[in-house]
Structure formats: C-alpha cells, structure tokens
Amino acid sequence: MTTPSLAGAPTATRPMFGTVLVANRGEIACRVIRTLKALGIRPVAVYSDADAGARHVREADTAVRIGPAAAAESYLNIQAIIGACRKTGAEAVHPGYGFLSENADFARALEQAGIAFIGPGVEALNIMGDKIRSKNHVAGYGVPVVPGVAQPGMTDGQLVDAAAGVGFPLLIKPSAGGGGKGMHVVQRPEDLPAALATARRVAASAFGDDTLFLERLVTTPRHIEVQVLSDNHGNVIHLGERECSLQRRHQKVIEEAPSPLLEALPDGAAIRARIGEAACNAARSVNYSGAGTVEFLVSDDAPDQFYFMEMNTRLQVEHPVTEMVTGIDLVEWQVRIAAGGELTVRQADVELHGHAAEARVYAEVPEKNFLPSTGTVLLLDELPRGTSGKVRVDSSLVEGLEVSSSYDPMISKVIAWGEDRTAALDTLDAALAGYTALGLDTNVEYLRLLINDADVRAGRLETGLIERKLPDLAFRRVADAELAAAALFTLAMEEQNNTPSSPGPWHARNGWRLGAPAPRLVSLGTPDGGVAAVRISSAAEVGAEGDGPVRGGAVPGSAGSGRVFLVAVGDGPARPAQLEFASRRQATLTLDGHASTYSIAPVFRGPAAPTRDSPAPGVPAELFLGTGGWSCRLAVLGREARLERVLAALHREEGAADPAVRSPMPGTVVSVPVSDGDTVAAGELLVSVEAMKMEHQLVAPLDGTVHLSARPGDLVKADQVLATVHPHTAAASEDTGADTGADTGTDTLNGEGA
C-alpha cells in the first residue's frame, strides 16, 4: 500500500504528464509505477535482458528493452533510455534511486531532448554529486560539516600526509560516491596506504571517478537524515527526520521515523527544528527542486552536535517511513513539482503521527558476512492474510523470478506503523515472521533478531552496532523437526509422483523383508554440508506415550495423509510424527506432540526415468522449508551424493584444507594481485570478485605455490575454481583456519543502492 497525500493535497488543476518513463528496476520501479497509475499517468518500464520477466515490467502499461544484463549497457545507458522515451512518447523520466538518478549528464541530455527530469536541476546535481564540493559549498551557508580533508585531486601521498591532521580512526570516502559504496574505516596510520589503493579502485569502478577525501570518524555516531521538499516557486520545507543508524558496510538495514534519539530528548523538538532548518538551507543553497534528503552524523554523546555528510538528490530507499508518519506521497509531489506545480504544504502543516520502521530484505547470508545470494523464487507470500497492524511491502519479487548477481541484492522492504516505537517494532516483527520467500537465502531471520535486540529496543543505536552484535547472534539451525518434515514430504512426493510398482515384494520400495519390516531411509544434505539420515516406519498402533509397536508394511499409503509414523533422526530414538497438508505449499508437522507449520517448496530436476542415483524420479532434488521468517534448504541425496558428502566430512575432520579457491557466487574477476607460480602464505589475497555491489576478496587457504585459473575481466560462476594452492610439504597442508571465501565487504557498483 502507498499512503495517499493527506496533508496539503494539491488543489490546482495544472495538467501533469500523460506518460512517464521509469528509468529503474526492482521494487522502486514498482513503487513509482503504483503512484503514476493512481495519478492517471501512463507508466513506461525499461528492462535489461536479465529483467525481461521482472515484476516492474509486468506492472507497467508498456515496457522497452534497453540492453543486456550489464548495467553499463542498459540501466546506465543514457541514449538507450532517451530512445525508449521517444519510442513511447514519454514526456518525463522518473529515475528512482541509484543508476542515473543523480547523474547530471543524464539530466542535461533529457533537457536537450525536451524531456522533463523528475528531480533537481543540473546545478544541484553537479554540486551535491561531488562530496568534496558539496561539503565546502554548504559550509558557506552555515551548515555544520565533519572535520576532515576535502580537496579535489589529492594523491595518495598527500592524503597520507594530511591524515595526521584529521586524526585516527578516520573514514575514506569517494567524492563521487553514495549509498555507502567504497567507504573504508582506517584505524591505524600503517593501514592507510593499502586502504587508499583499494578505495581508489572501487571508486573508479563504481563511479568512474577515483577522487577520495578523508573525514574524522565520529565515535558512537548516529545517522540521521532529513527529508526535504522544494518546488520551483521558492518553497522549501522538511518532513522531519529518519534514523538510519543500523547499517552493515555503511548500507542501511533498518530505518525509522522519527528518530528515537530525538524523541527521547527533552529538547528533541528544538533539535529537530534546528537540523531541519540546516537541511532546508542546504537545499536552498543549490536552488533545489523536488524531493531530497540531507544526511547528518549526530554524536550519541552530544546529540545537539550534528554534521552534514551529503545530500542525496533523489528519492531514498527509506522514504516510506516518512510517508507513513506524515501521510504525504513523496513520489506524487516529485511528479507534481517537476510538472511545474507549487508546493501547497507549508512547514506548519507538517505533523508526525506515530512511528514507522522499515526493514530492508536482502538476498544474502548474514552468517557469511552478508554474502549475497542468488536463486529462483519458488514460493512467495510477503503479506499473508491476517497480518495485523498497518503494514506495507514494497517488493520486486514474483514467483518464478530469478534473482541474479547482476544487480543489488535488496529484493524488498517491509514497513510497519504503530502509535509509538514499541508498537511499530512489534508490528514489523510480526510482519517479518509471516514473510516467506523460498528458493534463495534472505536476511529476514537476521532482521527479526536485530529489531528484538535489547539495545535496539531501547533506542541505543549507532552505526557500528550490527558489526559489534553479529558474532553473538543465535541463528536458528536445522533441527529434527525440519528433517522429519522434509523426509515425510519426500516420501509423500515419491508415492504421489511415481507409477505404482509391480505386484510382489521384489519390486516394492517399502523395505519389505522376512521378519520385521525395515524402515525407509531418507538421506538429507544439510546446509553445513553434512548428511542427516532419517528412518521412517509406519505405526499401526501408537500408544499414548508414543512407544507403540511397529506393524504392517514400512510406509503404506501417503506419508502426507495425516497418518502417524515413527521417525528416527540419526542415532536418535523413534518418535511419533505426523505431516498434514493445509495446501500443496504448507504443511504442519507434529513430532512427539509438538506442532510446527512450514511453507514448503520442492525442486525437481534430473531424468524422468529411474537411474542408479535417482531410483525414484518423483522425489524432489531439494526442499526449501520456511517458518517464522526463517528458512532452510535441504538436499535429498542419492547414493553418490551421499557418499561425496560423507567423504568431504571426513576430510574436514582430518583438518585438511581445501587447496581450491572458489568464487562464492557468479561475478566478475576485478583483481588478481599475484602471478601464476608465486609462493603465497595462508590468508594472502589471491583474487577479488565483484558481484551484487560487493567486492569479495578470496585468500589462500594454506601456504604453497599458487596456480591461477582466472584473470581480471573473467566472468565466473558460483563455486568455480579460480586458483589452486599446492602445498610445499605435507606439513604445509595442515589447516591454517583461513577462510577461502573471506569477504572484506568492499562495496562496488551496479548502479543501485542508497
């Protein structure tokens, strides 16, 4: 849902655009399209080859292909987008966020083509798009700035010399950057040269500009930003602040409005007015037009001290929380202002009602240092029936959509409103508990852990909290209940999908034998690479305590029919279990008297006819189970796959390090700092792979000689071997404990993010 304009709704009948092209993708394109349709404007989508089946393409009135998957050849291709405008008759372009949204050349090209840019003017984009220039510019208008060194053209040597005057720890920032990409914290002087080299490479790749500057790192910082609206008639207002202090890798994860810091202060309203006026002054300094956000660092120790960081000259990812507490549709005002309309909302009209919180859902694995994830959406239920409270989901997902490594890993946002902060967080937690997206890894479980952390609930927020708390978070593991549910589901699918076997015991798969019937064995591959053996027998009679005799054939009838079975996981005891289907997508397992409900998405692949490793083709190759915002993937193993996992486990137990260095996901090799045949030490950087805005740095697993199988520019697949380290001696092959998939979390470009 999108909250309509309630405060200061436009009364003028000034004509707006008839057709608007949305030069973006994903959830923001869908969100903009929604408002355009509400205004009676014909929305046009653009898409790359990777997005041909994307949700925003389906929701627009018409869509135009603009190039291949690479952002540089599609969503960043200015001429392709202008061509799409001409083809569809679009009178204006809404850029969303990321990609070309803050590109002055794009705005200038649209102006020359006679197409309106739904955003600020070229002057504002030029000044605010350069972090060094913007900082020096707003300082002249009385806006406080963070102490640091911000001069264009400084070399690494000059930055190193100037660092002592800034003080450590400090922050390296790319001048042309945004969305946290390319920022590096440096704690010690000796680490600065290497960090500068990496930062320049990332900045050049991400923004085409490797200019860097240094800022003093504010201790216990709070990230507070102010939403502004400005028209072309001299009106400038702010819509209050948002708190965005919960971040990982300088990218926001949870956002709130208003800030709990200001809400808790006796003089919070006065500080809000001061920081709001500073934001308005920053906007006035560049004759800003449209919706923009001015970001400030606020010291938790001295909240009345705030420093300008940057101005985002576009719509922010987190804009829904402002909409929820003000009742103002920011996209609607962007469109009206770009069409020449006057802002009818005055500062005195702006009131903040209640509290709103937003959680960004990423396709990633938090336990693996937020490693991005890819996959196909097999089952989706983002806002289940019965969800209580005021909840909004802005999403890019549809079932069947393939989430690739080509773009940003953010796939949706869940936003909740409450009368106060506690109510908003409770509503958000409940909404996340009901959020289901099976087929890929997401951070939903992590989001629930985060918003229920004691410090978060108390409003004790700072930008380093996530990094500090992550090692101690208790992530859920696959337990007996999930293994039992998966095994029973597998047998149910086998019985449903396979032709009944020929009469007689020799063709049956139910474990028939003379004497006592044998249990059916289902081998499942667990997320940690292990194997779980689940043995299932049918119970003709089960006593009150669950220890009744086992009689009859092993598994007659359907395992999902609600019959009671005896299930033993590993070496554990046999326990009564029952799997009942509410639908083909949901089942409830009762194990030893305890009920758990799961969403289930099976994946079938392989031959239709039986083979040695797949004697029952109707059995799924893998299963995704989800409950309470948590999900897992379990592989259904045949003989060969089971043996492979068992042998791998033995190697791990013996402490043997894997000499192969593999790519953690599909991507592009951007750096290989060693040469083929070099002698390397365990932990030494071998290859850097860029994927989904991240640069993943892969290190040597052991001491030895490296043999490379990749070079810069290569496109690589997940698990592809990029290098192999051959130990010098047997002793050198002992496990050093190094992580072959170390991820430093360096942000790089795909054109998105905020």
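Preceding this paragraph is the structure being described.
Attention in this report is confined to the structure presented alongside it. These figures come from a predicted structure and were not determined experimentally.

Next up on the list: the overall build of the protein chain. A count of helical and extended segments in the protein chain gives 18 helices and 40 strands. For the protein chain, the share of sequence-separated contacts (at least 6 apart) that also reach a separation of at least 24 residues comes to 66%.

If you walk across this open sheet you meet the eight strands as β14-β13-β10-β11-β12-β15-β22-β20, and the pairing is antiparallel. Among the strands making up the open sheet, the edge pair consists of β14 (306-312) and β20 (390-395). Strand-to-strand twist across the sheet, computed as the mean angle between neighbouring axes with direction ignored, equals 25°. Two elements, strand β15 (residues 355-362) and strand β22 (residues 410-418), share eight bridges in a ladder whose sense is antiparallel. Within β22, the residue paired with His 355 across the bridge is Gly 418. On top of the sheet, helix α13 (residues 421-433) reaches β12 (251-257), β15, β20 and β22; it is set at about 140° to β22, its chief contact.

Below, the discussion takes up the packing of aromatic side chains. Tallied over the full model, the rule gives seven aromatic pairs. Ring centres of Tyr 446 and Phe 475 lie 6.3 Å apart, and the angle between their planes is 20°; this geometry places the pair in the stacked category. Of this pair, Tyr 446 sits in helix α14 (residues 444-451) while Phe 475 sits in the loop between α16 (465-469) and α17 (480-497); the two residues are 29 residues apart in sequence, bridging distant segments of the chain. Of the two residues, Tyr 446 and Phe 475, both sit in the buried class. Every member of this aromatic cluster is reached through a ring pair, and the members are Tyr 75, Phe 99 and Tyr 407. For Arg 248, the ring lying beneath its charged end belongs to Phe 370, and the centroid distance is 5.5 Å. Against the face of Trp 417 rests Lys 390, its NZ or CZ located 5.4 Å from the ring centre.

A few words now on the sheet that holds strand β9 (residues 212-216). Whenever strands of a sheet pair, they do so through backbone hydrogen bonds, lying parallel or antiparallel. Pairing in this open sheet of four strands is antiparallel, and the strands run β6-β9-β7-β8 from one edge to the other. The two strands at the open ends of the sheet, each matched to only one other strand, are β6 (148-149) and β8 (184-186). Of the strands in this sheet, β7 (170-174), β8 and β9 touch helix α8 (residues 192-207), which is tilted by about 25° from β7.

For any two helices packed against each other, the geometry comes down to the angle between their axes and how far apart the axes lie. It is at 10 Å that the axes of α13 and α14 come closest, and there the two elements cross at 160°. Classified by the interaxial angle, the pair formed by α13 and α14 is roughly antiparallel. Handedness of the α13/α14 crossing: left-handed. For the pair α13 and α14, contact is made by Leu 425, Leu 428, Asp 429, Leu 432 and Ala 433 and by Val 444, Leu 447, Arg 448 and Ile 451, respectively. Looking at side-chain class alone, the contact of α13 with α14 contains seven nonpolar, no polar and two charged residues.

Take the nonpolar core next. Counting residues in hydrophobic clusters, the biggest one holds 41 residues, and the most contacted among them are Leu 397, Val 414 and Leu 450. Broken down by secondary-structure element, the contributors of at least two residues to this core are β12, β15, β20, β22, α13, α14 and α16. Looking at this core element by element, the count peaks at five residues for α14. Once residues within four sequence positions are removed from consideration, Leu 450 is found in contact with Leu 246, Val 253, Ile 254, Val 456, Leu 465 and Ile 466.

Before going further, it helps to spend a moment on the pairing of strand β24 (residues 520-525). With respect to burial, β24 is a largely interior element, five of its six residues being buried. The sheet contact formed by β24 and strand β25 (residues 531-538) spans six bridges and is antiparallel. Residue pairing across strands places Leu 521 opposite Arg 535, the latter belonging to β25. Joining the antiparallel neighbours β24 and β25 is a turn of five residues, in which Gly 529 adopts a positive phi near 90°. In this sheet, strand β31 (residues 630-636) lies alongside β24 in antiparallel orientation, the contact comprising two bridges. Looking across to β31, one finds that Gly 525 is bridged to Ala 635.

The next subject is unusual backbone geometry. Put simply, Phe 168 and Pro 169 share a cis peptide bond, and its omega is 0°. For Pro 169, the position within the fold is in the loop between α7 (156-166) and β7. A cis amide bond links Ala 257 with the next residue in sequence, Pro 258, at an omega value of -5°. Residue position: Pro 258 is located in the loop between β12 and α9 (260-264). The phi dihedral of Asn 287 falls on the positive side, at around 50°, and the residue is not glycine. Looking at where Asn 287 falls in the secondary structure, it is placed in the loop between α10 (268-284) and β13 (290-299). By relative accessible area, which is 59% here, Asn 287 ends up exposed. Non-glycine residue Asn 369 carries a positive phi angle of around 55°. Along the polypeptide, Asn 369 turns up in the loop between β16 (364-365) and β17 (371-372).

Right, let's get into the pairing of β13. With ten of ten residues buried, β13 is to be regarded as a mostly interior element. Across ten bridges, the pairing between strand β10 (residues 221-230) and β13 is antiparallel. Note on β13: the bridge partner recorded for Pro 221 is Ser 299. Where β13 meets β14, six bridges bridge the pair, whose relative direction is antiparallel. Along β14, the bridge assignment pairs Val 298 with Phe 306. Once β13 ends, the chain turns through six residues before running back antiparallel as β14.

For the rest of this paragraph, the subject is α14. Counted residue by residue, α14 has six buried out of eight residues, so it is predominantly covered. Taken together, the buried positions of α14 are occupied by Val 444, Glu 445, Tyr 446, Leu 447, Leu 450 and Ile 451.

Right, let's talk about a nonpolar patch on the surface for a bit. Together, Val 531, Leu 643, Val 646, Leu 647 and Leu 650 line one region of the surface with nonpolar side chains, adding up to about 390 Å² of accessible area. Among the elements that take part in the nonpolar patch, helix α18 (residues 639-653) stands out by supplying four residues, more than any other. Here Val 531 is to be found in strand β25.

With that out of the way, let us pick up the side chain of Thr 442. Tracing the backbone shows Thr 442 in the loop between β23 (436-438) and α14. Within polar-contact distance, the side chain of Thr 442 engages the backbone nitrogen of Val 444 at 3.4 Å.

Relative to the helices and strands, Pro 68 is located in the loop between β3 (62-67) and α3 (78-88). Separated by 20 residues in sequence, Pro 68 and Ser 48 place their C-alpha atoms 5.2 Å apart. Beyond its immediate chain neighbours, meaning those up to four positions away, Pro 68 contacts Ser 48, Asp 49, Glu 73, Ser 74 and Tyr 407.

Looking now at the environment of Met 154. Note that Met 154 resides in the loop between β6 and α7. Residue class for Met 154 comes out buried when judged on its relative accessible area of 12%. The sequence separation of Met 154 and Phe 213 amounts to 59 residues, and the corresponding C-alpha distance is 8.0 Å. When residues no more than four places from it in sequence are discounted, the contact partners of Met 154 are Val 149, Leu 159, Ala 162 and Arg 200.

The subject of this paragraph is the packing of α3 against helix α4 (residues 104-112). Two elements in contact, α3 and α4, have axes whose closest approach is 10 Å; the angle formed by their N-to-C orientations is 35°. Two packed elements cross with a definite hand, and for α3 against α4 that hand is right-handed. Listed contacts from α4 to Ile 78, Ile 81 and Ile 82 of α3 are Asp 105, Phe 106, Ala 109 and Leu 110.

Rules and cut-offs
Residues numbered from 1 in each chain as written. Predicted model: local features only at pLDDT ≥ 70, side-chain atom pairs only at ≥ 80, totals over all residues. Heavy atoms only, no water. Helix = DSSP H or I, 4+ residues; strand = E, 2+ residues; numbered from the N terminus. Contact = heavy atoms within 4.5 Å. Pairing = 2+ DSSP bridges. Axes fitted to C-alpha atoms, helices over the stretch in contact; angles between N-to-C directions. Phe/Tyr/Trp six-rings, centres within 6.5 Å; stacked < 30°, edge-to-face > 60°. Buried < 20%, exposed > 50% of the residue type's maximum accessible area, 1.4 Å probe, protein only. Lys NZ or Arg CZ within 6 Å of the ring centre and 35° of its normal. Parallel < 35°, antiparallel > 145°, perpendicular 65-115°, else oblique. Left-handed = near helix turned anticlockwise from the far one by under 90°. Nonpolar A, V, L, I, M, F, W, Y, C, P; charged D, E, K, R; others polar. Core = buried A, V, L, I, M, F, W, Y, C linked by side-chain atoms within 4.5 Å. Patch = residues over 30% accessible without salt bridge, like charges linked within 9 Å, V, L, I, M, F, W, Y side chains within 5 Å. Areas by Shrake-Rupley, 256 points an atom, 1.4 Å probe, with all protein chains shown as cover. Salt bridge = Lys/Arg side-chain N within 4 Å of Asp/Glu carboxyl O. Polar contact = N/O pair within 3.5 Å; in protein donor to acceptor, adjacent residues only side chain to side chain.

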